[in-house]
Each structure stands twice: as structure tokens, then as C-alpha cells.
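Letter by letter, the chains look like this.
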Amino acid sequence: MQTDLLQEARRQAEICNACRYCEGYCSVFPALHAERAFGDGDLTQLANLCHNCRGCYYACQYTAPHEFDLNLPQALANVRQDSWEDLAFPRVAGKAFQKNGVLIAVAAVIGFALLFWAARMLGSQGGEGFYAVLSHNAMVAIFLPAFVFPLVSIGISLRRYWRRVEAGPFRVAQLVKAVRQAADMRNLKGGHGDGCNFEDEDRFSHARRMAHQAVMYGFLLCFAATSVATVMHYALNMPAPYGLLSAPKLLGLSGGVLLVLGCTEMIRLKLRSDRTLGARGAFGGEIAFVGLLGFVGLSGLVLYALGQTALMPLLLAVHLGAVLAFFLLMPFTKMAHGFYRLAALTVNAGK
């Protein structure tokens, strides 16, 4: 990791540890105040506990023009971003996406969509609905490896993280506690439960927390739709296509709507936020990930709405291209931050 980023975060953490004004703001400060010295692993752990709500910055009496020039949200965001790039597997992919995220995301969607458009010429041996364009077996052959790869990649990254922060033995009770905190985005409520200062220093808002929840639960609903459809296909001998009132369709449609709404709101908030309080050079990569995830949901909804028209083959190729790009890029986008923060909360729960 970059030593200058760690040194600056260490300097600011030591000042915050002496002040302690922000002690109740989020999980960062109790963990910070429990230390007397900050190693590189300690700073990595604190950085991934931080949710960048920015309340501490606007409450701080030592920000510029004070000579201490504190900007803890940015200092931790820089370390956090650097840790994601350094811990990514493979590392070169993590660094490349952060530098050229928008270009890589757009190119991946277009490239994969063209491949699916060409693959439609293979036919499906009499399948129905989407399978008339691309067979079920072909979809499984393509997406199963694409689903396994990010799991393996993120698993390796989390193992590296666990070792770097010297977390000690893993306990299920710690994970349960961490999941509870993540489920309601407790650390996005702010120190007094009024929300973040993400949009405006004088305005507390729960908008960011609600947008994150919409994205998280939207993604989980879409994953549940795929899981239920898999069980219905293989275990219950009920192949697709499914009707509107079927479990896969209800879960998928509700998840898609939540994804689109949540991602749209997150982009709006990011465009209105103060970029000097976030990680340097990470804005493009963050927008690329949120935009890609939102496009996956939007293209799925459009495909469902126009699935009985002549546009269906083209829309299917675009949607599948977006989904494949999302899965293959997932370990190197901000999607990985959810896993790192869950890991950080799990580590913190054991202290």
C-alpha cells in the first residue's frame, strides 16, 4: 500500500484519538479510541469501518484553515480505496478499474452484448421465450463460471484482508452481529441518528442510507429470483418462461425496480457531494459501478416489458452483456466494498 496515505491517516487518527469529540458518531471512533498506536493493519481496519458519512468532518474544529488541517473522511477513504486495489485478486485488475472504470464498464457491456448477439445465430433447438434466442445450456455454460469467479476472487481478497488486520480466529457470533449492523445500515444513521451530511454540511439526511438499502435489497431480491428459478427448473421440473405471478418474476421485478431507484439516487447524491471528502481519483470508478448496476436492473425491466416484441433478441443480448460484465468486474468495483465492510464489522464485533 502507499505509505504516504498511511502516514497521513496515522497523523490524523492520532489527533482524533487525543480530541475524542466525535466518540459516538459511528463504529470508527470507539475502535480508534481503543488504540494507542496505529499500525498499517489498524488503519486498514478503521478505513473499512468508515462509511464516509462525513459528520465528523463538519463537527471537527481542526479542519482547514486550522494548522492541523484534518480531513479524516478523505484520509480514511484514500486508505480504504488503496486497500481494495492492493487486496484485489488479481491486483492489476483492481487498479485498472479504478483508473478507467467508466471506459472499462461501457466497453465490457458493449463487447459482451455483441458476443451474445452473435451467439444467437447458434439457436436453441426449439426453446421457448428467451431460450429461443440462446439455449438454457448455453446460458449456464457462460454464467456459471462468471458467477464462480467473483466468489473465488473476493474470497481470496477477504482472506488477505483478515491477515492484514490481524483479526484472529473467526467466530460465527461476530458475523451474526456484523450482519445485523449491515442490514439496517446503522453506521449511515450518523452519530445522533439523524443521517449523513453527505449532500450538505448543514443538512442531515437519511437519503444515502435509504439508497444503499434499496440497492442492497434490490440485489438480494434479484439473486433470490435467480435462485428460485434454478430450484424450479432443476428440482421441480418447471422450466422457464414463468408467468407474472410466479415467484421468480415477482422477486425479479421488485428487485429490478429497487436497483434502478437506489442506483439513480446514489448517483444523484454523488454528483451533489463534496468530492474533496472522498477518495482521490475514485469518483469515476464509483460512478461506473453504480451506473453498471443500475443499468443491469433497467435493462432487465425493459426486457420484460418488451419481451414479446421483435426487439427481444437485441434487448436480451444487451441485458445479458450487462449482467456478464457486472459479474466479471464485481471484485474490482465498489461492489467489493460491501464484503470488506462486512469483514471490518465482523472483526470489530470480536473486540
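What counts and what doesn't
- Residues numbered from 1 in each chain as written.
- Predicted model: local features only at pLDDT ≥ 70, side-chain atom pairs only at ≥ 80, totals over all residues.
- Heavy atoms only, no water.
- Helix = DSSP H or I, 4+ residues; strand = E, 2+ residues; numbered from the N terminus.
- Rg over C-alpha atoms; globule rule 2.2 N^0.38 Å.
- Buried < 20%, exposed > 50% of the residue type's maximum accessible area, 1.4 Å probe, protein only.
- Axes fitted to C-alpha atoms, helices over the stretch in contact; angles between N-to-C directions.
- Parallel < 35°, antiparallel > 145°, perpendicular 65-115°, else oblique.
- Contact = heavy atoms within 4.5 Å.
- Patch = residues over 30% accessible without salt bridge, like charges linked within 9 Å, V, L, I, M, F, W, Y side chains within 5 Å.
- Areas by Shrake-Rupley, 256 points an atom, 1.4 Å probe, with all protein chains shown as cover.
- Salt bridge = Lys/Arg side-chain N within 4 Å of Asp/Glu carboxyl O.
- Phe/Tyr/Trp six-rings, centres within 6.5 Å; stacked < 30°, edge-to-face > 60°.
- Lys NZ or Arg CZ within 6 Å of the ring centre and 35° of its normal.
- Core = buried A, V, L, I, M, F, W, Y, C linked by side-chain atoms within 4.5 Å.

1. Digging into the overall build of the protein chain
Along its length, the protein chain carries 13 helices and two strands. Taken against the 2.2 N^0.38 rule, which gives 20 Å for 351 residues, the C-alpha radius of gyration of the protein chain at 22 Å falls within 12% of a compact globule. Expressed along its principal axes, the backbone C-alpha trace of the protein chain runs to roughly 70 × 40 × 35 Å. Residues counted as buried form 46% of the 351 residues belonging to the protein chain.

2. Here we look at unusual backbone geometry
Cis geometry is adopted by the peptide bond preceding Pro90, which originates at Phe89 and carries an omega value of -5°. Cis geometry marks the peptide bond from Ala240 to Pro241; its omega dihedral reads 10°. Locating Pro241 in the fold gives a position in the loop between α9 (207-234) and α10 (247-272). One non-glycine residue, Glu166, lies in the positive phi region at around 50°. Considering the arrangement of structural elements, one finds Glu166 in the loop between α7 (136-164) and α8 (172-183). A positive phi angle, near 55°, is found at Asn237, a position not held by glycine.

3. Remarks on the packing of helix α6 (residues 91-119) against helix α11 (residues 283-305)
Angle between the axes and distance between the axes: these two values describe a pair of packed helices. Close contact between α6 and α11 brings their axes to 7 Å; oriented N to C, the two are set at 25°. Here α6 is positioned roughly parallel relative to α11, judged by the angle of their axes. Facing α6, whose interface residues are Phe97, Gln98, Gly101, Val102, Ala105 and Val109, α11 presents Gly284, Gly285, Ala288, Phe289, Leu292 and Phe295.

4. Here's the deal with a nonpolar patch on the surface
Together, Trp117, Phe295, Leu298, Val302, Leu306, Leu311 and Leu314 make up an exposed nonpolar region whose accessible area comes to about 550 Å². Tallying contributions element by element places α11 first for the nonpolar patch, with three residues. Along the chain, Leu314 turns up in helix α12 (residues 312-329).

5. Structural notes on the packing of aromatic side chains
Using the criterion set out here, one finds twelve aromatic pairs in the structure. Between Phe147 and Phe327 the ring centres are 6.0 Å apart and the planes differ by 75°, which places this aromatic pair in the edge-to-face class. Of the two residues, Phe147 sits in helix α7 while Phe327 sits in helix α12, which places them 180 residues apart along the sequence. Judged by relative accessible area, which is 30%, Phe147 ranks as partly exposed. Ring pairing ties together the aromatic residues Phe147, Phe219, Phe223, Phe326 and Phe327, which thus form one cluster. Between the NZ or CZ atom of Arg275 and the centre of the ring of Phe283, over which it lies, the distance is 3.7 Å.

6. Some details on the pattern of salt bridges
The final tally for this structure, using the stated rule, is nine salt bridges. Lys95 is the salt-bridge partner of Glu85, the closest N and O atoms lying 4.0 Å from each other. Residue Glu85 is located in helix α5 (residues 72-87), and its partner Lys95 is located in helix α6; the two are separated by ten residues in the primary sequence. The exposure class of Glu85 is buried, given its relative accessible area of 15%. Since its relative accessible area comes to 33%, Lys95 is described here as partly exposed. Taken together, the shared-partner salt bridges in this structure form one network comprising Asp86, Arg91 and Arg164.

7. A few points about the environment of Leu292
Among the structural elements, Leu292 can be located in helix α11. With 37 residues separating them along the chain, Leu292 and Leu329 place their C-alpha atoms 9.9 Å apart. Excluding residues within four positions of it along the chain, Leu292 makes contact with Val109, Ala322, Ala325, Phe326 and Leu329.

8. Some points on the environment of Val133
You can see Val133 is positioned in the loop between α6 and α7. The spatial distance from the C-alpha of Val133 to the C-alpha of Ala119 is 8.5 Å, given a sequence separation of 14 residues.

9. As for the environment of Phe223
In this structure, Phe223 sits in helix α9. As a C-alpha pair, Phe223 and Gly255 span 32 residues in sequence and 8.6 Å in three-dimensional space.

10. Quick look at the nonpolar core
Judged by nonpolar contacts, the single largest core of 41 residues is most densely connected at Phe116, Leu293, Leu316, Leu320 and Phe326. At the level of secondary structure, the elements contributing two or more residues to this core comprise α6, α7, α9, α10, α11 and α12. The greatest single-element share of this core, amounting to twelve residues, is contributed by α12. Aside from chain neighbours lying at most four places away, what touches Leu293 is Val215, Phe219, Leu259, Cys263 and Phe326. Residues Leu5, Ile15, Ala31 and Phe38 belong to the second largest nonpolar core, which totals 36 residues.

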